[in-house]
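For reference, the chains in residue letters:
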Amino acid sequence: MTQTPAPVHWKLVVDSADPHAQADFWAAALHYEVEDNSALIERLLEVGALPGEATVEYHGRPAFRDLIAVRHPEDPFDAGSGTGLGRRLLFQRVPEAKTAKNRLHLDLHPGDGRREGEVERLTALGASVLREVKEPSGSWVVMADPEGNEFCVH
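If you're wondering where the values come from, they're calculated on a predicted model, not measured in any experiment. (Residues numbered from 1 in each chain as written. Predicted model: local features only at pLDDT ≥ 70, side-chain atom pairs only at ≥ 80, totals over all residues. Heavy atoms only, no water.)

**A look at the overall build of the chain**
Now for step 1: What the chain contains, in helices and strands, is 3 helices and 10 strands.
Now for step 2: The order of helices and strands in the chain, counted from the N terminus, is β-α-β-α-β-β-β-β-β-α-β-β-β.
Now for step 3: In terms of principal-axis extent, the alpha carbons of the chain reach across some 60 × 50 × 25 Å.
Now for step 4: Sequence separation of 24 or more characterises 61% of the internal contacts of the chain that already satisfy a separation of 6 or more.
Now for step 5: Carbon and sulfur atoms make up 53% of the accessible area of the chain, which amounts to about 9600 Å² in all. (Helix = DSSP H or I, 4+ residues; strand = E, 2+ residues; numbered from the N terminus. Contact = heavy atoms within 4.5 Å. Areas by Shrake-Rupley, 256 points an atom, 1.4 Å probe, with all protein chains shown as cover.)

Written as structure tokens, this is what we have:
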């Protein structure tokens, strides 16, 4: 008898100029939580496995300088590292700016009759409206996060 393989665990990684600002935006946009890796970072610093310059203070606690993730608040996480074990976005610092259209984007579905309010809320968080789309298959708003990454609100 053949056993069905377990689903593959994944995370979406987003290149960023400022991963911490992106994490703040997307945590607020999705009602997610920013992962708290401070216990892991403190352990790594204590044993000399992580140089101090690889960390920053973020919301009053140590964080990795070049990466940070947000996770769904109801998903499990590893208490020892703060790393989410479910739906999550990881923002990693890269030196180059975004230069072209995304090849991958998030579609947000706030619910029937809530798109306009959600677009206003996201705009207040720092997103911008790029265009409104109305097609026979539906309508949505194309937006950009603070670093210009496109996403859609349906």
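Moving on, there is more to tell.
**A look at the pairing of strand S9 (residues 138-144)**
Now for step 1: Counting buried residues along S9, 5 of its 7 residues qualify, which places the element largely inside the surrounding structure.
Now for step 2: Of the strand pairs in this sheet, strand S8 (residues 128-135) and S9 are connected by 7 bridges, and their pairing is antiparallel. Bridging across to S9, Arg-131 finds its partner in Val-142.
Now for step 3: Turn length for the S8-S9 hairpin, with the two strands adjacent in sequence and antiparallel, is 2 residues.
Now for step 4: Joining the antiparallel neighbours S9 and strand S10 (residues 150-153) is a turn of 5 residues, in which Gly-148 adopts a positive phi near 95 degrees. (Buried < 20%, exposed > 50% of the residue type's maximum accessible area, 1.4 Å probe, protein only. Pairing = 2+ DSSP bridges.)

**Overview of the packing of aromatic side chains**
Now for step 1: Using the criterion set out here, one finds 3 aromatic pairs in the structure.
Now for step 2: Seen from their ring centres, Phe-25 and Phe-151 are 6.3 Å apart, and the 55 degrees between their planes marks the pair as tilted. With Phe-25 in helix H1 (residues 19-30) and Phe-151 in strand S10, the pair connects residues that are 126 residues apart, well separated along the chain.
Now for step 3: Look at Phe-25 and you get buried, because its relative accessible area is 4%.
Now for step 4: According to the relative accessible area criterion, Phe-151 is buried, its value standing at 0%. (Phe/Tyr/Trp six-rings, centres within 6.5 Å; stacked < 30°, edge-to-face > 60°.)

**Observations regarding the environment of Gln-22**
Now for step 1: Looking at the element boundaries, Gln-22 is found in helix H1.
Now for step 2: For the pair Gln-22 and Asp-112, spaced 90 residues apart in sequence, the C-alpha to C-alpha distance is 27 Å.

**A few points about the side chain of Glu-35**
Now for step 1: As for its placement among the helices and strands, Glu-35 is situated in the loop between strand S2 (33-34) and helix H2 (38-46).
Now for step 2: In terms of polar contacts, Glu-35 uses its side chain to reach the side chain of Arg-88, at 2.7 Å.
Now for step 3: If we ignore the near neighbours within four places in the chain, the residues touching Glu-35 are Arg-61, Ile-68, Ala-69, Val-70, Arg-71, Gly-82, Thr-83, Gly-84 and Arg-88. (Polar contact = N/O pair within 3.5 Å; in protein donor to acceptor, adjacent residues only side chain to side chain.)

**Side note on the pattern of salt bridges**
Now for step 1: One pass over the full model with this rule turns up 8 salt bridges.
Now for step 2: Among the ionic pairs, Arg-61 bridges to Asp-36, the shortest N-O distance being 3.2 Å. Of this pair, Arg-61 sits in strand S4 (residues 61-64) while Asp-36 sits in the loop between S2 and H2, placing them 25 residues apart in sequence.
Now for step 3: Here Arg-65 makes a salt bridge to Asp-66, at a shortest N to O gap of 3.1 Å.
Now for step 4: Residue Arg-65 is classed as partly exposed on the basis of its relative accessible area, which comes to 33%.
Now for step 5: For Asp-66, a relative accessible area of 29% corresponds to the partly exposed category.
Now for step 6: What you see here is one network of salt bridges that share partners, running through Arg-65, Asp-66 and Arg-93. (Salt bridge = Lys/Arg side-chain N within 4 Å of Asp/Glu carboxyl O.)

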